[in-house]
Amino acid sequence: MPPASRPSFLSEARAAGELAQLLTDPLFYGAGIPRGDKRHVLVLPGLFASDRYLEPLHAWLRRIGYRPIRSTLRVNAGCPQRLREQIDENIQRYTETRPGPIALIGHSRGGILARAIAGELQDDASHLILLGSPVGALMRSPSWSPMKTRPPADAS
């Protein structure tokens, strides 16, 4: 086996072992976990990913008493505004049937989208959970600000 492929193989083996460990943990099946209040939880995938790899998290949320909402993103890539609009439409479908606050969980780039959506939802967002998201680094960057606006064009 070439040396370049060894780290990838080891990473894949480690990931499989971690999944096996998760699947044998009683917490994964809800043992000893306080029950949720049936609120909707929007779960957003990371860059170039879809909802598929988040299925264990969706299933766990369902088991402990929440209503997970898939992002509906085929792939988390492209224009963030277009992605947010697609996600917003999905949120509206769910909140029509059961109004109330929504919790948001975002992984990686999904955390950036979740933060933006939480800002739009305001009081309708009950929780914002970021998993491995670069939001903190972006906020510390002197060149980035969520409130940054361009000055109006000179009318002269």
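(A) Up close: the pairing of strand S1 (residues 40-44). Most of S1 is tucked away: 5 of the 5 residues are buried. Neither face of S1 is open: one carries His-40, Leu-42 and Leu-44, the other Val-41 and Val-43, and all of them are buried. Note: S1 against strand S2 (residues 67-70), 4 bridges, orientation parallel. Across the sheet, the residue bridging to Leu-42 is Ile-69, located in S2.

(B) Representation of the side chain of Arg-84. As for its placement among the helices and strands, Arg-84 is situated in helix H3 (residues 80-97). Discounting residues that sit within four places of it in the chain, Arg-84 has contacts with Leu-113, Ala-116, Ile-117 and Glu-120.

(C) Spatial organisation of the packing of aromatic side chains. What the rule picks out here adds up to 1 aromatic pair. Note on Phe-28 and Tyr-29: the rings are 5.1 Å apart at their centroids and 85 degrees apart in plane angle, and the pair reads as edge-to-face. Here Tyr-29 falls in the partly exposed class, since its relative accessible area comes to 47%. Here the basic side chain of Arg-63 rests over the ring of Phe-28, its NZ or CZ set 4.4 Å away from the ring centre.

(D) How the structure looks around the nonpolar core. With 15 residues, the main nonpolar core has Leu-42, Leu-44, Ile-87, Ile-91, Leu-104, Leu-113 and Ile-117 as its most contacted residues. Going through the elements one at a time, S1, H3, strand S3 (102-107) and helix H4 (109-121) are the ones with two or more residues in this core. The residues touching Leu-44, leaving out its near neighbours within four places in the chain, are Leu-54, Ser-71, Ile-87, Ile-105, Gly-106, His-107, Gly-110, Leu-113, Ala-114 and Ile-117. In terms of nonpolar packing, the next biggest core, distinct from the first, is built from 6 residues, Val-41, Val-43, Ala-103 and Ile-105 among them.

Reading guide: rules and limits
Going along each chain's sequence as written, the residues are numbered from 1 onward. Given that the model is predicted, a residue must reach a pLDDT of at least 70 before its local features are reported, and side-chain atom pairs must reach 80 or more before they are shown or counted; all residues, however, enter totals for whole chains, interfaces and linings. The side-chain numbers reported here are obtained from all heavy atoms of the structure, hydrogens and water having been left aside. Each residue gets one of three labels from its accessible area relative to the maximum for its type: buried under 20%, exposed over 50%, partly exposed in between, using a 1.4 Å probe on protein chains only. To qualify as a helix, a DSSP run of H or I must reach at least 4 residues; to qualify as a strand, a run of E must reach at least 2; elements of each kind are numbered from the N terminus. Being paired, for any two strands, means DSSP has found at least two bridges between them. It only takes one pair of heavy atoms within 4.5 Å for two residues to be counted as in contact. Pairing of aromatic rings covers Phe, Tyr and the six-membered ring of Trp, with a centre-to-centre limit of 6.5 Å; geometry is then stacked below 30 degrees between planes, edge-to-face above 60, and tilted otherwise. Placement of a positive charge over a ring is assigned whenever Lys NZ or Arg CZ falls within 6 Å of the ring centre and within 35 degrees of the normal to the ring plane. The term nonpolar core refers to a set of buried residues drawn from Ala, Val, Leu, Ile, Met, Phe, Trp, Tyr and Cys, joined through side-chain atoms within 4.5 Å.

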